Amino acid sequence: MEYGTIRKAQIGAENVYDYSIGNPSVPAPDCVNDAIREALKLNSIDLHGYTTAAGRPSLRAAMAADLNRTRQLKADCVIVCIHWGEEYRLKQNREQENLAKWLISRGADHIIGSHPHVIQPVVMLSDANSSFRHHVTAYSLGNFISGMSAANTDRGLLIELKISRFLSTVWLDGYNTYHVRTLRPSVNGKPYFQVIQE
């Protein structure tokens, strides 16, 4: 049984809130949302209302500005970690694909995605501006460790990027992926989590 389900049974469903941004669930009271917005200074982002990042000009503008600032700092490699996609879906959606291409066009070298709680494909995207530059996009790493009970949520992916540099030239020398799985045996009647490589 998932932790959230257990807590709902213990203290009441009305007292358990999902604080994810862009994840539909039980709506939290306005005072909770206001406190989170104030604490995190996220006044332009909705809490508990699914809004697609790809369709929000203010979010795209903020991401483009962050990527531009990072490039101005002369970063050797820019890896974007992004919370996106549909929960429990084993394949990326069109919005993820479009946003990945957009991020690369704005200066992202590689993209590591999360949120779906299941592993989604890792692909190599080509750069429209250069025939030799390729960008690893891991649409979702799944769960490294999980107490979830939905299908495929007990699996995760680790990714190793091999980045090389000679003088001012930086390139991807390859990448490896490692699959992991969470086992949940009971030890002395208590739940126990064990992560193993598959």
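So, here is what we can say about the structure in this document. (Residues numbered from 1 in each chain as written. Predicted model: local features only at pLDDT ≥ 70, side-chain atom pairs only at ≥ 80, totals over all residues. Heavy atoms only, no water.)

**Points about helix α4 (residues 94-105)**
And then number 1: Between its terminal C-alpha atoms α4 stretches 17 Å, which fits the 16 Å expected from 12 residues at 1.5 Å a residue.
And then number 2: For α4, the full list of buried residues reads Q96, L99, A100, W102, L103 and I104.
And then number 3: The opening residue of α4 is N93, an N-cap whose side-chain oxygen sits 3.1 Å from the backbone nitrogen of E95. (Helix = DSSP H or I, 4+ residues; strand = E, 2+ residues; numbered from the N terminus. Expected span 1.5 Å × (residues − 1). Buried < 20%, exposed > 50% of the residue type's maximum accessible area, 1.4 Å probe, protein only. Polar contact = N/O pair within 3.5 Å; in protein donor to acceptor, adjacent residues only side chain to side chain.)

**Quick notes on the packing of helix α3 (residues 57-72) against α4**
And then number 1: Axis separation between α3 and α4 bottoms out at 10 Å; the angle between their running directions is 35°. For the crossing formed where α3 meets α4, the hand is right-handed. Residues R60, M63, A64 and L67 of α3 pack against L99, W102 and L103 of α4.
And then number 2: Looking at side-chain class alone, the contact of α3 with α4 contains six nonpolar, no polar and one charged residues. (Axes fitted to C-alpha atoms, helices over the stretch in contact; angles between N-to-C directions. Left-handed = near helix turned anticlockwise from the far one by under 90°. Contact = heavy atoms within 4.5 Å. Nonpolar A, V, L, I, M, F, W, Y, C, P; charged D, E, K, R; others polar.)

**Quick notes on the pairing of strand β6 (residues 169-183)**
And then number 1: Sheet analysis places strand β5 (residues 155-166) next to β6, joined by 12 bridges and oriented antiparallel. Looking across to β6, one finds that S164 is bridged to W171.
And then number 2: Where β5 folds back on β6, the antiparallel hairpin that results is connected by two residues, among which L167 adopts a positive phi of roughly 55°.
And then number 3: Across four bridges, β6 lies against strand β9 (residues 194-197) in antiparallel orientation. Across the sheet, residue R181 finds its bridge partner in β9, namely I196. (Pairing = 2+ DSSP bridges.)

**Thoughts on the side chain of S146**
And then number 1: Examined against the element boundaries, S146 turns out to sit in the loop between β4 (130-141) and β5.
And then number 2: Reaching out from S146, the side chain makes a polar contact with the backbone nitrogen of M148 at a distance of 2.9 Å.
And then number 3: Within the structure, the side chain of S146 is placed 3.0 Å from the backbone oxygen of T153, a separation counted as a polar contact.
And then number 4: Leaving out residues up to four positions away in the same chain, S146 has contacts with T153, D154, T182, R184 and F193.

**Some remarks on the nonpolar core**
And then number 1: Ranked by internal contacts, the top residues of the largest apolar core, which has 15 residues, are V80, I82, W84, L99, L103 and I111.
And then number 2: If you list the elements that add at least two residues to this core, you get α3, β1 (79-83) and α4.
And then number 3: Per element, the largest residue contribution to this core is five residues, and it comes from α4.
And then number 4: When neighbours within four sequence positions are excluded, I82 is seen to be in contact with M63, L99, L103, I111, I112, G113 and S114. (Core = buried A, V, L, I, M, F, W, Y, C linked by side-chain atoms within 4.5 Å.)

In short, the description is geometric, and any link to function would need to be established separately.
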